[in-house]
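Summary of structural features
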Amino acid sequence: MKAKITKWGNSLGVRVPAALAAQVGLNIGTAVSLVADGRSIKLVPIGTPHRYTLDELLAGVTRKNIQPAISTGPDVGREVIE
């Protein structure tokens with residue numbers, strides 16, 4: 001596969017094609033290590049990011065950090081339930 005180096009701020013960037021990313025398990029948010037190897041650059045995944053479950057997220061809700069309901073006005077359109 002070929003790719004092209006582009007300018008990204010003061011750095012350089014390259015897009016990783018989706019098929020190649022999927023082949024090696026790269027996803028949005030995957031931490032990687034960049035290693036110079038002679039005239040090559042290796043991009044090595046460091047680990048997989050933790051994906052929270054709903055139960056894990058709800059376990060963090062306490063009476064102290066829960067937010068009150070906010071009124072957004074009367075229901076209109078398809079929001080109206082009879």
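Structure's up top.
Read on for a plain summary of the structure. (Residues numbered from 1 in each chain as written. Predicted model: local features only at pLDDT ≥ 70, side-chain atom pairs only at ≥ 80, totals over all residues. Heavy atoms only, no water.)

What about the overall build of the chain?
Our working rule: In this text, helices come from DSSP runs of H or I with a minimum length of four residues, and strands from runs of E with a minimum of two, each type numbered from the N-terminal end. Only the C-alpha atoms count toward the radius of gyration. The rule for a globule is 2.2 Å times the residue count to the power 0.38. Relative accessibility thresholds used throughout: buried, under 20% of the residue-type maximum; exposed, over 50%; partly exposed, between the two (1.4 Å probe, protein chains only). Only heavy atoms matter for contacts: two residues are in contact if any of them lie within 4.5 Å across the pair.
Check the secondary structure of the chain and you find 2 helices and 4 strands. Along the chain, helices and strands appear, N-terminal first, in the series β-β-α-β-β-α. Computed over its C-alpha atoms, the radius of gyration of the chain comes to 22 Å, more than 25% above the 12 Å expected for a compact globule of 82 residues. Taking the principal axes of its C-alpha atoms as reference, the chain extends roughly 65 × 30 × 30 Å. Taking all 82 residues of the chain together, the buried fraction comes to 5%. In the chain, the proportion of contacts linking residues at least 24 apart, taken out of those at least 6 apart, comes to 0%.

A closer look at the pairing of strand E4 (residues 40–45)
The test is simple: Paired strands, in this sense, are two strands between which DSSP finds at least two bridges.
Taken together, the 6 bridges between strand E3 (residues 32–37) and E4 define a ladder with antiparallel strand orientation. Pairing of valine 35 across the sheet is with lysine 42, part of E4.

Some words on the environment of alanine 59
Checked against the element boundaries, alanine 59 lands in helix H2 (residues 54–59). Each C-alpha atom, one on alanine 59 and one on isoleucine 70, is 22 Å from the other, the two residues being 11 residues apart in sequence.

So, the pattern of salt bridges
Quick reminder of the rule: The salt bridge criterion pairs a side-chain nitrogen of Lys or Arg with a carboxyl oxygen of Asp or Glu, the two atoms within 4 Å.
Throughout the structure, instances matching the rule amount to 1 salt bridge. Among the ionic pairs, lysine 42 bridges to aspartate 37, the shortest N-O distance being 3.5 Å.

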